[in-house]
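Remarks on the overall topology
Here is how the chains run, residue by residue.
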Amino acid sequence: MTQTTQQTPPYIPADTMEVLLSHEQIHKRIAEIGAQITKDYAGESIVLVGVLKGAAIFLSDLARQIKVDATFDFVAVSSYGKGTRSSGAVKLIKDLDNSIEGKNIIIVEDILDTGLTLNFLRKLMLQHHPKTMRIATFLDKPSRRIQQIEADYVCFSIPNHFVIGYGMDYAERYRNVDDVRLMPEDPHA
Ligand code: IMP
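Residues numbered from 1 in each chain as written. Predicted model: local features only at pLDDT ≥ 70, side-chain atom pairs only at ≥ 80, totals over all residues. Heavy atoms only, no water.

This part takes up the side chain of D113. For D113, the position within the fold is in the loop between β5 (104-112) and α3 (116-126). The contact partners of D113, leaving out residues within four places of it in the chain, are K141, R144, R145 and H188. (Helix = DSSP H or I, 4+ residues; strand = E, 2+ residues; numbered from the N terminus. Contact = heavy atoms within 4.5 Å.)

Printed below as a string of structure tokens:
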């Protein structure tokens, strides 16, 4: 039997990395986006569809700023290899738990980068015939787009730099970091 061994990169403490977005900036902006969604969906119900694992923290904070009838569902996709992000293949590894047919859904994503993941999810969700579908992303890196797609709600547009924290990982680490920081070595490079 053959076994594959995965090399774990050395741990770089997050507090040695430069802060791109502080906790305060993040929470102020999420309150604004939550208020906008509350206004846009007044009198309606929505399903927030979080993309695991990266969007879990954003969804949890955003949802608490939305004051209309809301439920959660989650999907998970595997994109790229471990650590590096280059293959471009996107695969669904966890489907929705409940039907979204006839519902207002908002796909909640951590970061819109090349656009491959959200394009894949958008097409998949449309096959389930929601009443309306929008996209909310915490971060947007428009300069890295390979497939044309825009989010309806964007908390921050950032330059082309690999970031960690606030749900976003490098090799599964740093999701618990309470602000957004710049990785000193860009895994995209
Ligand atoms: P896309 O399919 O290239 O748009 O990539 C979306 C996914 O790539 C995100 O949901 C993240 O999981 C991951 N990703 C892209 N850029 C970064 C980054 O700077 N830090 C952490 N994850 C990233």
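Below, the discussion takes up the packing of aromatic side chains. Taken as a whole, this structure holds six aromatic pairs when the rule is applied. Note on F138 and F156: the rings are 6.0 Å apart at their centroids and 85 degrees apart in plane angle, and the pair reads as edge-to-face. In this pair, F138 sits in strand β6 (residues 132-140) while F156 sits in strand β7 (residues 153-157), placing the two residues 18 residues apart along the sequence. Here F138 falls in the buried class, since its relative accessible area comes to 0%. Classification of F156 as buried rests on a relative accessible area of 16%. (Phe/Tyr/Trp six-rings, centres within 6.5 Å; stacked < 30°, edge-to-face > 60°. Buried < 20%, exposed > 50% of the residue type's maximum accessible area, 1.4 Å probe, protein only.)

A separate point is the packing of helix α1 (residues 23-40) against helix α2 (residues 56-63). Contact geometry of α1 with α2 gives a least axis separation of 9 Å together with a crossing angle of 60 degrees. With respect to each other, α1 and α2 are oriented oblique. As α1 runs across α2, the sense of the crossing is right-handed. Seen from α1, the contacting residues are H27, I30, I33, G34 and I37; seen from α2, they are F58, D61 and L62. Here the contact of α1 with α2 is built from residues that sort into five nonpolar, two polar and one charged. (Axes fitted to C-alpha atoms, helices over the stretch in contact; angles between N-to-C directions. Parallel < 35°, antiparallel > 145°, perpendicular 65-115°, else oblique. Left-handed = near helix turned anticlockwise from the far one by under 90°. Nonpolar A, V, L, I, M, F, W, Y, C, P; charged D, E, K, R; others polar.)

What follows covers the environment of N119. Its location among the elements puts N119 in helix α3. For N119 and Q147, which are 28 residues apart along the polypeptide, the C-alpha to C-alpha distance reads 7.3 Å. N119 has contacts with Q147, Q148 and I149, leaving out every residue within four places of it along the chain. Separated by 3.1 Å, the side chains of N119 and Q147 make a polar contact. (Polar contact = N/O pair within 3.5 Å; in protein donor to acceptor, adjacent residues only side chain to side chain.)

Attention now goes to the sheet that holds strand β1 (residues 19-21). Sheet architecture is open: three strands sit in the order β1-β9-β8, paired in antiparallel fashion. The sheet terminates laterally at β1 and β8 (163-164), the two strands that pair on one side only. Both β8 and strand β9 (residues 180-182) contribute to a ladder of two bridges, which runs antiparallel. Within the sheet, the bridge partner assigned to V163 lies in β9 and is L182. (Pairing = 2+ DSSP bridges.)

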